[in-house]
Amino acid sequence: MAPISTIHYLVVAAALFILGVIGVLTRRNVVIVLMSIELILNAVNLNLVAFSRIWGLHGQIFAIFVITDAAAEAAVGLGILIAFFRNKETVNIDEVDLMKW
Amino acid sequence: MFFLNNIWLVPLLPAAGAAIMFFFGRKLQKQTVSAVCVGAVALAFVFACLAVWQYNGYAHDNPGKPFERIVYTWLGTDTGHMNYIKHDGAPAAFHADAGFLLDPLSAIWLLFVTGVGTLIHIYSIGYMAHEGGYYRFFGYLNLFMFSMLTLILANNYVLMFVGWEGVGLCSYLLIGFYFHRGSASTAANKAFIVNRIGDAGFLLGMFTIAWYFGSLRLTEITHMARSGHFAIGDPIITAATLLLFVGACGKSAQLPLYVWLPDAMEGPTPVSALIHAATMVTAGVYMVARSNALFVLAPGSMKTMAIIGAFTALFAATIALVQNDIKRVLAYSTVSQLGYMFLALGVGAFAAGAFHVFTHAFFKALLFLGAGSVIHAMSGEQDMRNMGDLHRRIPITHWTMFIATFAIAGIPPFAGFFSKDEILWQAWTSEGGAYRLLWLVGYVTALMTAFYMFRLMFLTFHGQPRMSHEVEHHIHESPKSMTVPLIILALCAISAGWLGWPHSLGGSNRFEKFLEPVFAREAPVLQAEGESAQLAAGRKEEEHTSPVEYFLMIFSIAAAVAGFGMAWKAYRDAGKGYAEPIAETSPQLYTVLLNKYYVDEAYDYAFTGRRKVGDVRLGVMGLGEASYWFDSRVIDGTVNGAGWMTRLSGTISSWWDKWIIDGVLVNGPAILARFPLSYATRLLQWGLVQWYALVMVIGLVGFVFYYAVR
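Residues numbered from 1 in each chain as written. Chains lettered and ligands numbered in written order. Predicted model: local features only at pLDDT ≥ 70, side-chain atom pairs only at ≥ 80, totals over all residues.

Comments concerning the overall build of chain A
Turning to step 1, where the next piece is worked out: For chain A, the helix and strand inventory stands at three helices and zero strands.
Turning to step 2, where the next piece is worked out: Against the 2.2 N^0.38 benchmark of 13 Å for 101 residues, chain A shows a C-alpha radius of gyration of 17 Å, more extended than a compact globule.
Turning to step 3, where the next piece is worked out: Summarising its shape, the C-alpha atoms of chain A cover approximately 55 × 25 × 25 Å along the three principal directions.
Turning to step 4, where the next piece is worked out: Burial status across chain A gives 14% buried among its 101 residues.
Turning to step 5, where the next piece is worked out: By sequence separation, contacts in chain A at least 24 residues apart represent 48% of the contacts at least 6 residues apart. (Helix = DSSP H or I, 4+ residues; strand = E, 2+ residues; numbered from the N terminus. Rg over C-alpha atoms; globule rule 2.2 N^0.38 Å. Buried ≥ 20, exposed ≤ 12 C-beta atoms within 10 Å, placed from the backbone. Contact = placed C-beta atoms within 7 Å.)

Shown next as structure tokens:
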């Protein structure tokens, strides 16, 4: 059993990132898409924290900013989602095509 | 001076009669109608006589001065609201009074119009007794008397024109009295329309005078014309007088406007006597005589008038030679006699013209009333071919008519001799004999007059009876109300001429003396100009007589006797199918005369537009139609063509704008932008958020792969 090294963190983070991307691309429910985005952001946070073992605290500080950002992003995203639901009575992302020409 | 000062009552009396007939006539008894209407005219006659008598006293105190009474201002104001510009640029006020003028000329007309009018009214009581529309007839007659008296007594041209139109209207109404008969209503229309042509001339003449003299008052114009400011032959005065003469031609039935008068015989016979022989048709003569001061300044107009008068006299007389309708012969005879009057006026013998009007009124009214009596006796028959031998059956009519025939034929001492001879003598001497050709025309006419009048008498009263037995059975002398006027008129036809007994026969020609103030010149300036002075001086030089005058007198008596002789020879015992001497000599000439020289047909071709060749109308109406065609096709066609061209160019320009400007230049770039650019671009915008995300991921993977591999 080799000690847990940076590379393990990076593998876990990459797996989380890929899960998140797959979630964003495949799920129809906007809530799940937003949750998948959280997964991607957290994969990034994991990377930042893992690298801060080597390069110092900068990474951890940046990770806190990312969490804040994620919270804000989730709030805004859910807000848009509620407004959208009131108009279309749906939360399916493939029905959101207002931007189509 | 009561009657003179209230001269305006003379026309108003018959007007009141007409008004009563208009409002209540339908409900009145025939006796009442006769009493009101005949009474009104008789009263007017008495009034007129008294007024003229008082005028004589007035004229004695104011020699040569006409009596003028202005009742009120009818048209125009003194405040300058109706000012206009005269020919010389000076302002003039338009002003026409309801004013009445009595001078010797209007006095003569006043007396014979009311006098003859009264007699004819009395005659009508008997003549119209069995006719429907009795009150209508008398109402029209009274209205006519009112108009005629207004015409005569007017002191200005405008009021005269009112009377002028009024008599025209009454003439129309009375010609068309039997309006259910098509020929009568057509004849009425014809009279009215032909008269309108003349009236247009009168109106234009009136306007010219107003423009040139700045006044329409007769006394003022006469005064100005005689003042010597205007040259003899002044072109504007010539134009004005010619226009007035056109009016006179229409009313007094001169060439070429005489055509209505023969047809006017469709009216009841008293109407023919009153309006179309004695009074209305002399209105033209009256108007010209009234304007004598103007005519004297226009020798051209005088010449025209003399020539037209002479030829009308001859023309109508030739037609009268062969007509078979008793009233038509008399109608053409009237036209012919009116021609004489205009001949007299044209050679400057105004007094002689007026004198002939005066005598003619009596004998022609008598002839017409006699003809009416004959027609009455013949149960409505007017064709002389179906008469004959009436002299024993209706002796009073016979003798009175014979007196009138002697008068019109010019046999002394009957009235016509004096007036006709006076005219012929004036034609002979005028302008030093320049008009002797006109004298010859007048002389030949006199011969013809005698012939056709005696032809009428012989065919009607002598020869063998040619009527059917039924008609013959009914022949009867007319009632007293008809014969008494005949007798009175016969007395006048004998004696009326004696008023103008010429100097050469030891008389004093009082008639001419009486008229002298009207026709004498006031301007000594012009006396020097020999020719014109002679024209207007009322012919004073004839006071010394020449042997030629006696010679001419005998000559014209010879003409009358010759006419009598020829008629006697040809028609003395005309039986059924008697021979016309003219037809035997020259059948062609007879046909032409019988058809009145085809003048009516020519007018039909030229003016009425009833004649067509194929689809093309002839004459003036055809010209109108051609003008209409030209207007509608060429003028309007050009306009429409211009419109069509504009529309076409609009279409082209809109096509250009739509397809070239909008299509190629504006929409072209738009299409260019749309198809290659926008369709390609819009393919990218498919709207599914997750696809956008996939693209981003692919891009991200791509970049990562690119940097990793490098």
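Alright, that's what it looks like, and here's the rest.
Details of the overall build of chain B
Turning to step 1, where the next piece is worked out: A count of helices and strands for chain B gives 30 helices and six strands.
Turning to step 2, where the next piece is worked out: Relative to the compact-globule value of 27 Å for 710 residues, chain B shows a C-alpha radius of gyration of 38 Å, a clear excess of over 25%.
Turning to step 3, where the next piece is worked out: Overall, the C-alpha framework of chain B stretches about 165 × 70 × 55 Å when taken along its three principal axes.
Turning to step 4, where the next piece is worked out: Buried residues in chain B amount to 49% of all 710 residues.
Turning to step 5, where the next piece is worked out: Considering only intrachain contacts with a sequence separation of at least 6, the fraction spanning at least 24 residues in chain B is 79%.

Structural notes on the interface of chain B and chain A
Turning to step 1, where the next piece is worked out: Facing ten residues of chain B, the contacting portion of chain A comprises ten residues.
Turning to step 2, where the next piece is worked out: Take the side of chain B that touches chain A: its biggest share by element is five residues, from helix α30 (residues 689-709) of chain B.
Turning to step 3, where the next piece is worked out: Here the residues of the side of chain B that touches chain A are counted per class, giving six nonpolar, three polar and one charged. (Nonpolar A, V, L, I, M, F, W, Y, C, P; charged D, E, K, R; others polar.)

What about the environment of B:D600?
Residue and element names in this part refer to chain B.
Turning to step 1, where the next piece is worked out: Inspection of the secondary structure assignment puts D600 in helix α28 (residues 599-608).
Turning to step 2, where the next piece is worked out: Here D600 falls in the partly exposed class, since 15 other C-beta atoms lie within 10 Å of it.
Turning to step 3, where the next piece is worked out: Between the C-alpha atom of D600 and that of T400, which follows or precedes it by 200 residues, the distance is 33 Å.

Quick look at the nonpolar core
Turning to step 1, where the next piece is worked out: Within the largest apolar cluster, 227 residues are counted, with the highest numbers of intra-cluster contacts made by B:L343, B:F362, B:A365, B:L366 and B:A493.
Turning to step 2, where the next piece is worked out: Per element, the largest residue contribution to this core is 18 residues, and it comes from helix α16 (residues 350-377) of chain B.
Turning to step 3, where the next piece is worked out: Apart from residues lying up to four places away in sequence, B:L343 is in contact with B:A306, B:G309, B:A310, B:A313, B:I423, B:A427, B:L438 and B:G442.
Turning to step 4, where the next piece is worked out: Residues A:V21, A:V30, A:V33 and A:I93 belong to the second largest nonpolar core, which totals five residues. (Core = buried A, V, L, I, M, F, W, Y, C linked by C-beta atoms within 7 Å.)

Some details on helix α22 (residues 510-519) of chain B
Turning to step 1, where the next piece is worked out: When we look at burial in α22(B), the residues that qualify are B:F511, B:E512, B:L515, B:V518 and B:F519. Viewed end-on, α22(B) has its buried residues packed into an arc of 90 degrees, placing them on one side of the element. (Arc of directions from axis to C-beta.)

Describing unusual backbone geometry
Residues and elements named next belong to chain B.
Turning to step 1, where the next piece is worked out: Looking along the chain, the bond that leaves L255 and enters P256 is cis, with omega of 0 degrees.
Turning to step 2, where the next piece is worked out: Relative to the elements of secondary structure, P256 occurs in the loop between α9 (235-251) and α10 (260-263).
Turning to step 3, where the next piece is worked out: With an omega of 0 degrees, the peptide bond running from P412 to P413 counts as cis.
Turning to step 4, where the next piece is worked out: Locating P413 in the fold gives a position in the loop between α17 (395-409) and α18 (415-429).
Turning to step 5, where the next piece is worked out: A positive phi angle is found at Y597, which is not glycine, with a value near 60 degrees.
Turning to step 6, where the next piece is worked out: If you trace the backbone, Y597 turns up in the loop between α27 (587-594) and α28.

A closer look at the packing of helix α4 (residues 104-127) of chain B against helix α5 (residues 134-153) of chain B
Relative orientation and spacing of two packed helices are given, respectively, by the angle between their axes and the distance between those axes.
Residue and element names in this part refer to chain B.
Turning to step 1, where the next piece is worked out: Running from amino to carboxyl end, α4 crosses α5 at an angle of 175 degrees, the nearest separation of the two axes being 10 Å. What the angle tells us is that α4 and α5 run roughly antiparallel. Note on element contacts: α5 touches α4 through F137, L141, M145, M148, L149, I152 and L153, opposite S106, W109, L110, V113, G117, H121 and S124. (Axes fitted to C-alpha atoms, helices over the stretch in contact; angles between N-to-C directions. Parallel < 35°, antiparallel > 145°, perpendicular 65-115°, else oblique.)

Quick notes on the packing of α5(B) against helix α6 (residues 157-175) of chain B
Residue and element names in this part refer to chain B.
Turning to step 1, where the next piece is worked out: Across the interface, α5 lies against α6 with an axial gap of 7 Å and an inter-helix angle of 155 degrees. The angle between α5 and α6 falls in the class roughly antiparallel. Read as a crossing pair, α5 and α6 show a hand that is left-handed. The segment α5 lies against α6, with Y140, L143, F144, F146, S147, M148, T150 and L151 engaging L159, M160, V162, G163, W164, G166, V167, C170, L173 and L174.
Turning to step 2, where the next piece is worked out: Class assignment for the residues of the contact of α5 with α6 results in 14 nonpolar, four polar and no charged. (Left-handed = near helix turned anticlockwise from the far one by under 90°.)

Things to note about the environment of B:N6
Turning to step 1, where the next piece is worked out: Structurally, B:N6 is set in the loop between α1 (2-5) and α2 (9-24).
Turning to step 2, where the next piece is worked out: Separated by 94 residues in sequence, B:N6 and B:F100 have C-alpha atoms that sit 9.4 Å apart.

Description of the environment of B:A583
All names here are of chain B.
Turning to step 1, where the next piece is worked out: Looking at the element boundaries, A583 is found in helix α26 (residues 581-585).
Turning to step 2, where the next piece is worked out: You can call A583 partly exposed: it has 15 C-beta atoms within 10 Å.
Turning to step 3, where the next piece is worked out: In the structure, A583 is positioned 71 residues away from S654 in sequence and 80 Å away in space, judged by C-alpha atoms.

Here we look at helix α3 (residues 58-88) of chain A
Residues and elements named next belong to chain A.
Turning to step 1, where the next piece is worked out: Under the 1.5 Å per step criterion, the end-to-end length of α3 is 44 Å for 31 residues, consistent within 8% with the ideal 45 Å.
Turning to step 2, where the next piece is worked out: Counting buried positions over the 31 residues of α3 gives one, only a small fraction of the element.
Turning to step 3, where the next piece is worked out: After α3 finishes, the residue E89 shows a positive phi value of roughly 55 degrees. (Expected span 1.5 Å × (residues − 1).)

Section: the confidence of the model for chain B
Residue and element names in this part refer to chain B.
Turning to step 1, where the next piece is worked out: For chain B, mean pLDDT is 86; residues scoring 70 or higher make up 95% of the total.
Turning to step 2, where the next piece is worked out: Across residues 522-543, confidence stays below pLDDT 50; counting only partners more than four residues off in sequence or on other chains, it has 33 contacts.
Turning to step 3, where the next piece is worked out: Across the interfaces of the predicted complex, the ipTM metric reaches 0.83, alongside a pTM of 0.76. (pLDDT = per-residue confidence, 0-100.)

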